[in-house]
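For reference, the chains in residue letters:
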Amino acid sequence: MKILAFETSDRTASVALYLDGTLFMAETSGAQRHAEATLCLAEELLCAQGLSSADMDAFAVDVGPGSFTGIRIGVCLANGLADWHEKPVFAVSALEALAYAHKNTEQEIWAATDARNNNAYAAAWRNGACIRPPHACTLDEIRASAGADSLFTGTAAPLLLETATAQLPSASAIARIAADRMQREETGERAASPLYLRATQAERMRDTGGIK
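Given the structure is predicted, the values throughout are model-derived calculations rather than measurements.

(A) Representation of the pairing of strand β1 (residues 2-7) within the structure. Within β1, five of the six residues are buried, which leaves it mostly tucked inside the rest of the structure. Bridge count for β1 against strand β2 (residues 13-19) is six bridges, and the pairing is antiparallel. Note that in β2 the partner of F6 across the bridge is V15. Following β1, the chain reverses through five residues before pairing antiparallel with β2. Sheet topology note: the β1/strand β4 (residues 58-62) ladder contains four bridges and is parallel. Bridge pairing in β4 places F6 opposite V61.

(B) Layout of the sheet that holds strand β8 (residues 129-138). Read from one edge of the open sheet, four strands run β8-β7-β6-β9, paired in mixed fashion. Each having just a single partner strand, β8 and β9 (151-153) make up the two edges of the open sheet. Going from strand to strand, the sheet's axes swing by 20° on average, the running direction of each strand aside. Here three bridges tie strand β6 (residues 109-114) to β9, and the two strands are oriented parallel to one another. Across the sheet, residue A111 finds its bridge partner in β9, namely T153.

(C) Quick look at the side chain of S14. Assignment of secondary structure puts S14 in strand β2. A distance of 3.0 Å separates the side chain of S14 from the backbone nitrogen of A171, its partner in a polar contact. In contact with S14, not counting residues within four places along its chain, are A5, F6, E7, M25, A26, E27, S170 and A171.

(D) Main features of the side chain of R181. Within the element layout of this structure, R181 appears in helix α6 (residues 171-183). Side-chain polar atoms of R181 contact the side chain of E96, separated by 2.9 Å. Excluding its chain neighbours within four sequence positions, the residues that come into contact with R181 are F90, A91, V92, E96 and E186.

(E) Focus on the nonpolar core. If you look at the biggest cluster of nonpolar residues, it comprises 22 residues, and the most contacted ones within it are L4, F6, V15, L17, M56, V61 and V89. What F6 contacts, discounting residues up to four positions off in sequence, is S14, V15, T38, A42, A60, V61, D62, A78, L81, A171 and I174. Residues Y18, A97, A171 and I177 belong to the second largest nonpolar core, which totals 17 residues.

What counts, and at which threshold
- Residues numbered from 1 in each chain as written.
- Predicted model: local features only at pLDDT ≥ 70, side-chain atom pairs only at ≥ 80, totals over all residues.
- Heavy atoms only, no water.
- Buried < 20%, exposed > 50% of the residue type's maximum accessible area, 1.4 Å probe, protein only.
- Helix = DSSP H or I, 4+ residues; strand = E, 2+ residues; numbered from the N terminus.
- Pairing = 2+ DSSP bridges.
- Axes fitted to C-alpha atoms, helices over the stretch in contact; angles between N-to-C directions.
- Polar contact = N/O pair within 3.5 Å; in protein donor to acceptor, adjacent residues only side chain to side chain.
- Contact = heavy atoms within 4.5 Å.
- Core = buried A, V, L, I, M, F, W, Y, C linked by side-chain atoms within 4.5 Å.

If you want it as structure tokens, here you go:
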């Protein structure tokens, strides 16, 4: 099973190559443009293993929520490769990727990313089942909904619990989730679509009359 996965929804872009259970990953800081950096990372990972994108069984991508521009870059890259090679693409939310490391815990898991001004994007899982799908909300709403023993992950985690540390989604989690789905004989999609839980700033300005 060969999967090439992209994560570009935040300030750090990463690419992961999944080869029959073994993962190879590379990442770059936000100092570089995601489109250029992500393609270079993918080429380097593939070349190091003597492979090309044509050898992949599937592609996977973080569809958000997150940076609108970053999400578009990752989705376009994954969809372009999947279409060119006639292979499936697996769409994975950034929140599911954040929660993946804790999938075997019995605690309620809240994955939440900071959307500024007390806002967040969040989703919750318990015993491997999603109990609150990805949604836009306030930090106060998460506090009111979360259980006393809830575990928090994501960039909003320190805002919800002082002892928590901020986490970013990674391409390695995206690749593993896609591999899990393939093992369950899920077929993936012909094209992934961005998961936008809020309108872009330009759309909000347009709707309020800020842009004519």
